[in-house]
Amino acid sequence: MRIESDSDTVTASRNHLVFAYYVTGHGFGHATRVVEVVRHLINAGHDVHVVTGAPDYVFTSAVQSPRLFIRKVLLDCGAVQADALTVDRLASLEKYKETAVVPRESILATETEWLHSINADLVVSDVVPVACRAAADAGIRSVCVTNFSWDFIYAEYVMAAGIHHRSIVWQIAEDYSHCEFLIRLPGYCPMPAFRDVIDVPLVVRRLHKSRKEVREQLGIGEDVKLVIFNFGGQPAGWKLQEHYLPSGWLCLVCGASQDQELPPNFIKLAKDVYTPDIMTACDCMLGKIGYGTVSEALAYKLPFIFVRRDYFNEESFLRNMLEYYQGGVEMIRRDLLTGHWAPYLEHATTLRPCYDGSINGGEVAARILQDTAAGKNYVSDQQLSGPRRLRDAIVLGYQLQRAPGRDISIPEWYINAQSELGLRTSVGLKAGTALIQSSTEEFEILHGDVQGLPDTMTFLKSLANLNAGHDSGKSVDVLQVRERKAAAKLFNWEEEIFMTRAPGRLDVMGGIADYSGSLVLQMPIREACHVAIQITHPSKQRLWKHALARQEAKGQGPTPVLQIVSYGSELSNRSPTFDMDLSDFMDGEKPISYAAAREYFAKDSSQKWAAYIAGTILVLMTELGVRFENGISMLVSSAVPEGKGVSSSASVEVASMSAIAAAHGIKISPRDLALLCQKVENHIVGAPCGVMDQMTSSCGEANKLLVMLCQPAEVLGLVDIPGHIRFWGIDSGIRHSVGGADYGSVRIGTFMGRKMIKTIAASMLPQSSNGDLHQSDLEDDGIELFEAESSLDYLCNLSPHRYEAVYAKMIPESVTGDAFLEKYADHCDSVTVIDPKQSYGVQAPARHPIYENFRVHTFKALLTSIVSDEQLSALGELLYQCHYSYSACGLGSDATDRLVQLVQEMHHAKKDKPEDGTLFGAKITGGGSGGTVCVLGRNSLKSSQQIIEIQKRYERATGYLPFVFEGSSPGAGKFGYLKIRRRTTKLNG
């Protein structure tokens, strides 16, 4: 439902009404928009009690009325910010727990009593969760007014913090489910916890003064360019310098501390300044994205230079709205802090924001609230049940990074999922031939072969369209315009371009046992990452304006610059571009350390993704002594979805390093390239993964399982997937990350277990003086076993029977970090660090790789055995055992358990088990804790139909239709590289 109004006021009600308006503790943006709604309610003759932690002046500067009551109570905390641009995710959850969870019963009792005491007719929340529950307890209707909800924001924080705070998201969603309906503001996030929705126009504060009046009051003429510096109340500590601004510019600083000294071209504004008036007097705004800044910038057509915040999921939706109406310019954080502002300011003044929608959302919302309080029913007849809304909210929280679309409004999660499924059709011979011709029309292939791969042909065609679009000025999807514009300016289309491809992988067997030296079996999947690269002499490289300005500021002439465009930035709220001077990778005559590089990329989370790509350059410099004298331009386009446990990061690393090596004529074997890429992820990105992901992406072949012994990375060969067997990957919708807390904790527990086993074995040797075992008790073979186990390099070299016979009962279930360090000093793992205050599981993580290695060897042997249902049942049983072993380690999830259960139900459903199709086993994959489930079945039509049935059942249970990975493709080594050059004339015919 959408409601708009042409009137300027809310008609006075015949009934005097009382509103209790709760305002979230996050920032001033919520309070400023509440002011506008409150103003209309009070003008209509109603009392409004505002419950807030914001300063009084935010309300009293706009509304002076005895009908406004301010009650200073904080019932939530929003997102705790470490600084103006960084949200501390764990601190946010801890603070919310302290503010709203621990005292919950007391809060509910207090608020219920207070609501009765003021005789509230309606509770309004923007967007305090517990207010909705308190209203329900008091028997009062409630409405929310917002563009986002805290279950959406906190869900990603929970994934980063582990399972400890998951109940917070569930509780918030349950609280919101008591709300009668949602008044939804433009630029909104997905909010399925609400049973019904009414859309209204932008809510913005009205102007009190004109541009001319404000400038006259400030004593600033029209010949001076003004930028308002608006980062909320937290710019203290930033050292603004005079040279940040071009000549003829002044900067008006909001929220500066009283003792903060500013250069003469920066003017400190009063704490309670009325920002909308200041904005209308300025030529552009520099700040962070929030509802208040974006809505008022659009309403008053003020160009907005924005810097991304870390870990605030509301931002991408508001940013899309801002860019849709051509009102935004993104500044990278490095340029903000180092003062390279000039190119952004100049660009901003050329923008013509084109928002022409209504801006009377405050008046419209107030009328809806008045009518609701008076008894009108806005809710539709067909309501979703509370449990259904709660389930949708929880599922949504775990698919934040999943949305394939870039809509400026709420993603159509279910429709998109079904569209994804519908897109998974093979390219027919006729269509494939047409695609090959189309993709090679623009470019001459000087080296390599597309190998008939449809995705490679599509990528080539996208390059051709990009080139054509750049030359002809063709329009592209407005929400992809920044990516496309940046990419179109990336290459010199008359020169050679190199192109590489690396697939993701499906973990069939082995998984997290790779870092313990297990045998692993991995299948390269159909989805892959493509990279196009061009190397150019610094004097000829086409640089983006801000990169050129940075270079000119150094006064050193042209120097090599790395420029990267990455498609799909909206999927994970990151910047689509990255650039750096390659000299930043040097410390004098030597490359910088990996630790220094990790710190370099961690400074700006919206550009941290570049570590996977740019990090390959530093690894080549450090490990192979390569020096890069030319500029490097790269375009990265990955179809391997992030967070699903199919090695999206490895495919990007392998494709990037392959491209850099090909363009520079560096010969690296596929195995060595994979090992180098692992160094990128371990030491520069900081994710403690094993090497099987990179090895599969680099060394794998289509329709074969890569067999690798991870000691450390010995490729033993390839095993053909038998014709009667098929593997599928089913995405659970829950985001997986090898950098997550659970994965790292399990790895630490595994290495702790190895250290304990080695210590126990050493104590068993005859020279030990502290045991009951004497030399006479040990045969020579026994001594040799203990000697080998006392110097155990890989846990997987210990057999299951040996572990059970000697060590199983001596390994504790868990141990605290400080207790372990006190007794053993170190766990001997270079990529993880023990937290002394944390408790680590040890028994299950140590046991898993020992048994997993045995399962993988058995699985490999069974693949070549006689074809039978018994063979398939045995293979499937090994998958099931692996799955439950993951869960014992703490790396399971409810969603992946549900998928495995659905496979088991399908497996056991028919007693007569038809020969022409069934499923036999399933397991969680990769690092666990969500991601994708690997399914094994007979290669037949009925098996495919059963996979579709599982999709449907999972959708009915969760509201999410899972993506299915099927098919295989060659690794980067097998693909090689393409060298292409644009044709001077198109092919005829």
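The rules behind each value
- Residues numbered from 1 in each chain as written.
- Predicted model: local features only at pLDDT ≥ 70, side-chain atom pairs only at ≥ 80, totals over all residues.
- Heavy atoms only, no water.
- Patch = residues over 30% accessible without salt bridge, like charges linked within 9 Å, V, L, I, M, F, W, Y side chains within 5 Å.
- Areas by Shrake-Rupley, 256 points an atom, 1.4 Å probe, with all protein chains shown as cover.
- Salt bridge = Lys/Arg side-chain N within 4 Å of Asp/Glu carboxyl O.
- Lys, Arg positive; Asp, Glu negative; His and termini not counted.
- Charge placed at Lys NZ, Arg CZ, Asp CG, Glu CD.
- Helix = DSSP H or I, 4+ residues; strand = E, 2+ residues; numbered from the N terminus.
- Buried < 20%, exposed > 50% of the residue type's maximum accessible area, 1.4 Å probe, protein only.
- pLDDT = per-residue confidence, 0-100.
- Contact = heavy atoms within 4.5 Å.
- Pairing = 2+ DSSP bridges.
- Axes fitted to C-alpha atoms, helices over the stretch in contact; angles between N-to-C directions.
- Polar contact = N/O pair within 3.5 Å; in protein donor to acceptor, adjacent residues only side chain to side chain.
- Core = buried A, V, L, I, M, F, W, Y, C linked by side-chain atoms within 4.5 Å.
- Domains from an automatic or database assignment.
- Arc of directions from axis to C-beta.
- Phe/Tyr/Trp six-rings, centres within 6.5 Å; stacked < 30°, edge-to-face > 60°.
- Lys NZ or Arg CZ within 6 Å of the ring centre and 35° of its normal.

Engineer: Where do I start with a positive patch on the surface in this structure?
Structural biologist: A cluster of basic residues, K485, K489, R542 and K545, forms a positive patch on the protein surface. Tracing the sequence through the fold places R542 in the loop between β18 (519-536) and α20 (545-554). Since its relative accessible area comes to 30%, R542 is described here as partly exposed.

Engineer: Before we go on, may I ask you to explain the confidence of the model for the protein in this structure?
Structural biologist: Atomic detail in the predicted coordinates should be set aside for any region of low pLDDT. Mean pLDDT over the protein stands at 86; residues scoring 70 or higher make up 86%. Overall, residues 397-436 carries pLDDT values under 50, and its contacts beyond four positions in sequence, including any with other chains, amount to 84 contacts. Counting contacts from residues 768-774, a segment whose pLDDT is below 50, to residues more than four positions away or on other chains yields 6 contacts.

Engineer: Looking at this structure, how should I read the sheet that holds strand β31 (residues 964-965)?
Structural biologist: By way of backbone hydrogen bonds, the strands of a sheet pair with one another, either parallel or antiparallel. Strand order in this open sheet of 4 strands is β29-β30-β26-β31, and the pairing throughout is antiparallel. Two strands bound the open sheet, and with one partner strand each, they are β29 (919-924) and β31. Taken together, the 2 bridges between strand β26 (residues 725-731) and β31 define a ladder with antiparallel strand orientation. From the neighbouring strand, G729 faces β31, where its bridge partner is F965. Across the sheet, helix α32 (residues 894-909) touches β26, β29 and β30 (932-938), and the angle it forms with β29 is around 170°.

Engineer: Hey, could you run me through the pairing of strand β17 (residues 497-509) in this one?
Structural biologist: Successive residues of a regular strand alternate their side chains across the two faces of the sheet. Burial runs high along β17: 13 of the 13 residues are buried. The pairing of β17 with strand β32 (residues 978-982) spans 3 bridges and is antiparallel. Bridging from a neighbouring strand, M499 pairs with L978 of β32. Two strands pair when backbone bridges link them, and β17 and β18 are joined in this way by 10 bridges, in the antiparallel orientation. The partner of P503 across the bridge, within β18, is A528.

Engineer: Hey, could you run me through the side chain of E111 in this one?
Structural biologist: The topology assignment puts E111 in helix α4 (residues 104-117). At a separation of 2.8 Å, a polar atom in the side chain of E111 contacts the side chain of R71. Residues in contact with E111, not counting those within four places in the same chain, are Y22, R71, L75 and A134.

Engineer: I keep staring at the nonpolar core and nothing clicks. Help me out?
Structural biologist: Nonpolar side chains tend toward joint burial in soluble globular proteins. F19, Y21, F59, I183 and L369 are the most contacted members of the largest nonpolar core, which totals 67 residues. If you tally residues by element for this core, the top one is helix α1 (residues 29-43), at 7 residues. Looking at which domains feed residues into this core, each of domain 1 (18-203 + 365-398) and domain 2 (211-357) gives three or more. For I183, the contacting residues outside a window of four places in its chain are V143, C144, V145, T146, I198, V200, A365, I368 and L369.

Engineer: How should helix α7 (residues 166-176) be read in this particular structure?
Structural biologist: In an α-helix there are 3.6 residues to a turn, and that puts residues three or four apart on one side. By the burial criterion, the buried members of α7 are I168, V169, I172, A173, D175 and Y176. The buried residues of α7 occupy an angular sector of 160° when the element is viewed end-on, so they sit on one face.

Engineer: It is not clear to me how the packing of aromatic side chains should be interpreted in this structure. Could you clarify?
Structural biologist: Centre-to-centre distance and the angle between the planes together describe a pair of aromatic rings. Counting across every chain of the model gives 26 aromatic pairs. Judged by centre distance (6.5 Å) and plane angle (35°), the ring pair of F727 and F859 falls under tilted. Of this pair, F727 sits in strand β26 while F859 sits in helix α30 (residues 843-863); the two residues are 132 residues apart in sequence, bridging distant segments of the chain. Just as F727 is buried, F859 falls in that class too. Aromatic rings pair up to connect F229, F231, Y244, F266 and W341 into one cluster. Above the plane of the ring of W114 lies R71, whose end atom (NZ or CZ) is 4.2 Å from the centre.

Engineer: What's the story with the sheet that holds strand β1 (residues 18-23) in this structure? I'm lost.
Structural biologist: Pairing is parallel across the open sheet formed by 7 strands, whose spatial order is β3-β2-β1-β6-β7-β8-β9. Across the chains shown, the open sheet's two edge strands, defined by having one partner strand only, are β3 (68-72) and β9 (197-199). Here the average twist between neighbouring strands, direction ignored, is 20°. With 3 bridges joining them, strand β6 (residues 122-126) and strand β7 (residues 142-146) adopt parallel strand pairing.

Engineer: I would appreciate a short explanation of the pattern of salt bridges in the present structure.
Structural biologist: One side chain can pair with another of opposite charge once the charged atoms of both are near each other. Enumeration according to the criterion identifies 44 salt bridges in this entry. Ionic pairing is found between R211 and E222, a salt bridge with its closest N-O pair at 3.2 Å. Placement of R211 in helix α8 (residues 211-218) and of E222 in the loop between α8 and β10 (225-230) is noted, with a sequence separation of 11 residues between them. Classification of R211 by relative accessible area gives partly exposed; the value is 25%. Note that D455 and R501 form a salt bridge whose closest N and O atoms lie 3.1 Å from each other. Taken as a pair, D455 in helix α18 (residues 454-472) and R501 in strand β17 lie far apart in primary sequence, 46 residues in all. Its relative accessible area of 1% is what places R501 among the buried residues. One network of salt bridges, with partners in common, ties together R334, D335, R550, K554, D579 and D581.

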